[in-house]
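# Fold and contact review
Okay, here's what each chain looks like letter by letter:
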Amino acid sequence: MTSPHAPVLLAEVIEALAPKAGDVVIDATFGAGGYTRAILERGADVVALDRDPTVQLFAEAVARDFPDRFQLIRTPFSGLAEAFEESGKAKLDGAVFDIGVSSMQLDQAERGFSFMRDGPLDMRMSDEGVTAADIVNTWDHGPLAHIFKLYGDERQSGRVATAILRRRVEQPFTRTLDLAEVVEKALGGRRGAAIHPATRVFQALRIAVNDELGELERGLEAAEATLAPGGRLVVVTFHSLEDRIVKAFLTERTGNAPGGSRHAPVAVEMRKPSFDLMFKGAREAGEAELAANPRARSAKLRAGVRTTAPAWGAVKGRSA
Ligand SMILES: C[S@@+](CC[C@H](N)C(=O)[O-])C[C@H]1O[C@@H](n2cnc3c(N)ncnc32)[C@H](O)[C@@H]1O
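Quick look at the structure, then.

## Notes on the site of the ligand
- Residues in contact with the ligand amount to 24 residues; listed here are only the nearest, Ala-32, Asp-50, Phe-77, Asp-98 and Gln-105.
- Asp-98 is positioned with one of its side-chain polar atoms (N or O) 2.7 Å from a nitrogen atom of the ligand.

This is how it looks when you write it as structure tokens:
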């Protein structure tokens, strides 16, 4: 089965994870299984996680090719520690996160992620929880404007929220194109904009619906708590809000945060680094990959190696 989702930074991910026979690796974002297959091909066992029930089809194809060394557990990756326990494996040698939506999710109009295709205003990666329609039809002006600004970097967030509130009194939103049109109108049309005017608002809603930043923080903390000493943490992100969280996490946990955390300065200073940085900064896609896969444009890979120090646990408040 060929993958409908071209895995981003695959060579760099495998180099950083360095999986070998006998290792156990968690692929926290299974998707179409591109990373999982490459890890299995190098001989390691894979425990894959995904909260999207529709990835089952790809999991069945992987299980046919690697019947004894692969399992998929349906969970948000904040449940990584519990999922690892459920897997029955003894020691975790690597964890990889490929954050964000898959091409399959974006391409299926009925999932409601796209402002280019008409579909129900849903945007849930799983089949549980609030939808984008729930948010735009019920949230007050302040919280709506807040997420458009914070998660979408929408400069006219207040204006968009006002237009949404005004319209929903007459008729609640149910469809993606309907919302995209209202946002476009509120922002004064396209006027030669490089991107569709609704791009930022749709991104913000997707992040809110799926609590993507909170999930990322909890997923990283769960990986820290679960990886064995020497285990590798590899994270690929696609926008600056996500990368900022991963960078801050690794900076703190490798003991490189200047002056400790503003939330708990004294306690943090006393902690021993729970990770060693694998390399400075972030790896990005090379020219060949960029030419073949435009989705790789904003991808950044960061990685750390777990030390023997205790896990730091939750350091709250980064994404709020
Ligand atoms: C970018 S795709 C991963 C593609 C994969 N690396 C591949 O090679 O096919 C991201 C996947 O992670 C899943 N996902 C995103 N956030 C998640 C979360 N918090 N918990 C579990 N799965 C998540 C999505 O449902 C999607 O299938």
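There's plenty left to go through after this.
## Considering the layout of surface pockets
- Its boundaries defined by the atoms lining it, the largest pocket holds a volume of some 1,200 Å³.
- In terms of lining residues, the largest pocket is bounded by 33 residues, among which Thr-199, Gln-203, Arg-206, Phe-238 and His-239 are the most central.
- Of all elements in the fold, only α5 (103–107), α7 (141–152), α10 (199–209) and α12 (240–253) reach the threshold of two or more residues within the lining of the largest pocket.
- Residue contributions to the lining of the largest pocket peak at 5 residues, all from α10.
- In terms of residue class, the lining of the largest pocket is made up of 14 nonpolar, 9 polar and 10 charged.
- Two domains each provide a minimum of three residues to the lining of the largest pocket, namely domain 1 (10–103 + 213–306) and domain 2 (111–210).
- Approximately 260 Å³ is the volume attributed to the second largest pocket.
- Every residue along the wall of the second largest pocket is listed here: Asp-153, Glu-154, Arg-155, Gln-156, Leu-187, Gly-189, Arg-190, Arg-191, Ala-193, Ile-195, Pro-197 and Arg-200.
- Grouping the amino acids of the lining of the second largest pocket by side-chain chemistry returns 4 nonpolar, 2 polar and 6 charged.

Calculation criteria
- Residue numbers here run from 1 along each chain, matching the order of that chain's written sequence.
- In view of the model being predicted, local features appear only for residues whose pLDDT reaches at least 70, and side-chain atom pairs are presented and counted only at 80 or more, with totals across whole chains, interfaces and linings using the full set of residues.
- Note that water and hydrogens are dropped before the side-chain values are worked out from all heavy atoms of the structure.
- Nearness is defined per residue: one heavy atom within 4 Å of the molecule or strand is enough.
- Two N or O atoms count as a polar contact when they lie within 3.5 Å, although within protein this holds only if one can serve as hydrogen donor and the other as acceptor, and sequence-adjacent residues are included solely when both atoms are side-chain atoms.
- A pocket here means an open set of points on a 1 Å grid, computed over the protein atoms alone, that has protein on both sides within 12 Å along at least five of seven lines. A cavity is instead a set of points where a 1.4 Å probe fits but cannot get out; residues with an atom within 4 Å of a point line either one.
- Grid points are joined across faces, edges and corners, and a volume is the space filled by probe spheres set on the points.
- By the criteria applied, helices consist of DSSP H or I runs no shorter than four residues and strands consist of E runs no shorter than two, each listed in order from the N terminus.
- Gly falls in the polar group here, along with every residue not listed as nonpolar (Ala, Val, Leu, Ile, Met, Phe, Trp, Tyr, Cys, Pro) or charged (Asp, Glu, Lys, Arg).
- Bear in mind that the domain bounds are from an automatic or database domain assignment.

All we've got here are geometric facts, nothing functional implied.
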